[in-house]
Amino acid sequence: MDISEDDVTLIRVMKRYFETKAEVGALKVQLETARRAAGTEIATFYDPRSNLEHADVIVRQEQLKRDMLRLMDWAEAWGRGETSGSTG
């Protein structure tokens, strides 16, 4: 079985995708637990400008979600044969 450099890169991208997805899930549990304990509305709680106590975690979760989209975009491009080995 021949494995190209792009194939190895895809494996790395998907590994990173699933690691990121797991981190997003853990942050979601952490934030939802805090939100329920505080009895705060979803929109208010997840606004980092009004929830300074959890702003860093909220912003981190959003950054990770954007990373997941970027990684999946790369994997989809790989599937169409449009990659050149770089994940940006």
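As the structure is a prediction and not an experimental result, all values here were calculated from the model. (Residues numbered from 1 in each chain as written. Predicted model: local features only at pLDDT ≥ 70, side-chain atom pairs only at ≥ 80, totals over all residues. Heavy atoms only, no water.)

K.L.:
Give me the lowdown on helix α1 (residues 5–38), citing residues and values where you can.
P.N.:
Three or four residues apart is the spacing at which side chains of an α-helix point the same way, because the helix has 3.6 residues per turn. Taking 1.5 Å of rise per residue, the 34 residues of α1 would be expected to cover 50 Å, and the 49 Å separating its terminal C-alpha atoms lies within 8% of that figure. By the burial criterion, the buried members of α1 are Thr 9, Leu 10, Val 13, Tyr 17, Thr 20, Val 24, Leu 27, Leu 31, Glu 32, Ala 34 and Arg 35. Against the buried residues of α1 lie α2 (42–45) and α3 (55–79). Immediately downstream of α1, the backbone of Gly 39 shows phi near 70°, a positive value. (Helix = DSSP H or I, 4+ residues; strand = E, 2+ residues; numbered from the N terminus. Expected span 1.5 Å × (residues − 1). Buried < 20%, exposed > 50% of the residue type's maximum accessible area, 1.4 Å probe, protein only. Contact = heavy atoms within 4.5 Å.)

K.L.:
So what about the side chain of Thr 20? Which residues, and what values?
P.N.:
Among the structural elements, Thr 20 can be located in helix α1. Accessibility expressed as a relative area gives 0% for Thr 20, which makes it buried. Ignoring any residue separated from it by four or fewer positions in sequence, one finds Thr 20 in contact with Leu 64, Asp 67, Met 68 and Leu 71.

K.L.:
Can you break down the packing of aromatic side chains residue by residue, with the values?
P.N.:
Scanning all chains against the criterion turns up 2 aromatic pairs. Arranged with centres 5.1 Å apart and planes meeting at 90°, the rings of Tyr 17 and Phe 18 form a pair that is edge-to-face. When the centroid spacing of 5.3 Å and the interplanar angle of 75° are considered together, the rings of Phe 45 and Tyr 46 count as edge-to-face. When its relative accessible area of 22% is taken as the criterion, Tyr 46 is described as partly exposed. (Phe/Tyr/Trp six-rings, centres within 6.5 Å; stacked < 30°, edge-to-face > 60°.)

K.L.:
Hey, could you go over the pattern of salt bridges for me, with residue numbers and the actual values?
P.N.:
Summed over the entire model, instances satisfying the criterion amount to 9 salt bridges. Here Arg 16 ties to Glu 19 by a salt bridge, and the two come within 4.0 Å at their closest N and O atoms. With a gap of 3 residues between them, Arg 16 and Glu 19 both fall in helix α1, about one helical turn apart. Looking at Glu 19, the relative accessible area reads 38%, which means it is partly exposed. Arg 80 serves as the salt-bridge partner of Glu 82, at 3.1 Å between the closest nitrogen and oxygen. The class for Glu 82 is exposed, based on a relative accessible area of 52%. Ionic contacts of the salt-bridge type, sharing partners, join the residues Lys 15, Arg 16 and Glu 19 into one network. (Salt bridge = Lys/Arg side-chain N within 4 Å of Asp/Glu carboxyl O.)

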